[in-house]
Amino acid sequence: MPIILASIRKDGLLLFAEPETLAMLTPLQVLTGVYLAGVLLPCLVTLLTITREQSLRFALLLLSRQAIAAIVFSLFLAWGGLLIS
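Residues numbered from 1 in each chain as written. Predicted model: local features only at pLDDT ≥ 70, side-chain atom pairs only at ≥ 80, totals over all residues. Heavy atoms only, no water.

Participant: Help me out: how do you make sense of the overall build of the chain in this one?
Facilitator: Helix and strand counts for the chain stand at 4 helices and 0 strands. From first element to last, N terminus to C terminus, the chain shows the α and β order α-α-α-α. Counting across all 85 residues of the chain, residues that qualify as buried make up 19%. Of all intrachain contacts in the chain linking residues separated by at least 6 positions in sequence, the fraction that spans at least 24 positions is 64%. A total of about 6300 Å² of accessible surface is found on the chain, and carbon and sulfur atoms cover 74% of it. (Helix = DSSP H or I, 4+ residues; strand = E, 2+ residues; numbered from the N terminus. Buried < 20%, exposed > 50% of the residue type's maximum accessible area, 1.4 Å probe, protein only. Contact = heavy atoms within 4.5 Å. Areas by Shrake-Rupley, 256 points an atom, 1.4 Å probe, with all protein chains shown as cover.)

Participant: Is there a simple way to think about the environment of T51 in this case?
Facilitator: Mapped onto the elements of the fold, T51 is located in helix α3 (residues 27-53). Aside from chain neighbours lying at most four places away, what touches T51 is L56 and A59.

Participant: What exactly am I supposed to notice about the packing of aromatic side chains here?
Facilitator: When we look at a pair of aromatic rings, we describe it by the centre distance and by the angle of the planes. Under the criterion given, the structure shown has 1 aromatic pair. Between F73 and F76, the aromatic rings sit 6.3 Å apart at their centres with planes inclined by 40°, giving tilted as the arrangement. Taken as a pair, F73 and F76 lie in helix α4 (residues 56-84) at a separation of 3 residues, close to a single helical turn. Since its relative accessible area comes to 60%, F76 is described here as exposed. (Phe/Tyr/Trp six-rings, centres within 6.5 Å; stacked < 30°, edge-to-face > 60°.)

Participant: Can you walk me through α4 in this structure?
Facilitator: Owing to its 3.6 residues per turn, the α-helix brings residues three or four apart onto one side. With 29 residues, α4 should cover 42 Å at 1.5 Å per step; its first-to-last C-alpha distance of 41 Å lies within 8% of that length. If you check which residues of α4 are buried, you get A59, A70, S74, A78, G80 and G81. (Expected span 1.5 Å × (residues − 1).)

Participant: What should I look at first to understand the environment of T32 in this one?
Facilitator: For T32, the location among the structural elements is in helix α3. In sequence terms T32 and S74 are 42 residues apart; their C-alpha atoms lie 5.8 Å from each other. With residues up to four places along the chain from it excluded, the contact list for T32 reads S74, L77 and A78.

Participant: Help me out: how do you make sense of a nonpolar patch on the surface in this one?
Facilitator: On the surface, I71, L75, W79 and L82 cluster together into a nonpolar patch covering about 420 Å² of accessible area. Note on placement: L75 falls in helix α4. (Patch = residues over 30% accessible without salt bridge, like charges linked within 9 Å, V, L, I, M, F, W, Y side chains within 5 Å. Salt bridge = Lys/Arg side-chain N within 4 Å of Asp/Glu carboxyl O.)

Participant: What is the right way to read the environment of L82 from this model?
Facilitator: The residue L82 is located in helix α4 in this model. A sequence separation of 54 residues divides L82 from L28, and the C-alpha atoms of the two residues are 8.1 Å apart.

Participant: Can you help me understand the side chain of S74 in this one?
Facilitator: By secondary structure assignment, the location of S74 is in helix α4. For S74, the side chain forms a polar contact with the main-chain oxygen of A70, separated by 2.9 Å. Apart from the residues lying within four places of it in its own chain, the contact partners of S74 are T32, Y35 and L36. (Polar contact = N/O pair within 3.5 Å; in protein donor to acceptor, adjacent residues only side chain to side chain.)

Have a look at this one:
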């Protein structure tokens, strides 16, 4: 399962390598997208492991905290970058 999720993450990141996609996005948007893909998908692998070792409820609580933190930081990154530039 971790190999499958890692492949999905890499394929998702490859979408940013498409010329049409990159032409529509600013470097800050690409950075934000790569950050979210890099942070959220490994959480799914961790979720599966924690679910096996603890419980689904505990794993979902941790996942929701991680997702919220990643989204908040991504918004900070995107908006902060706009303010700086």
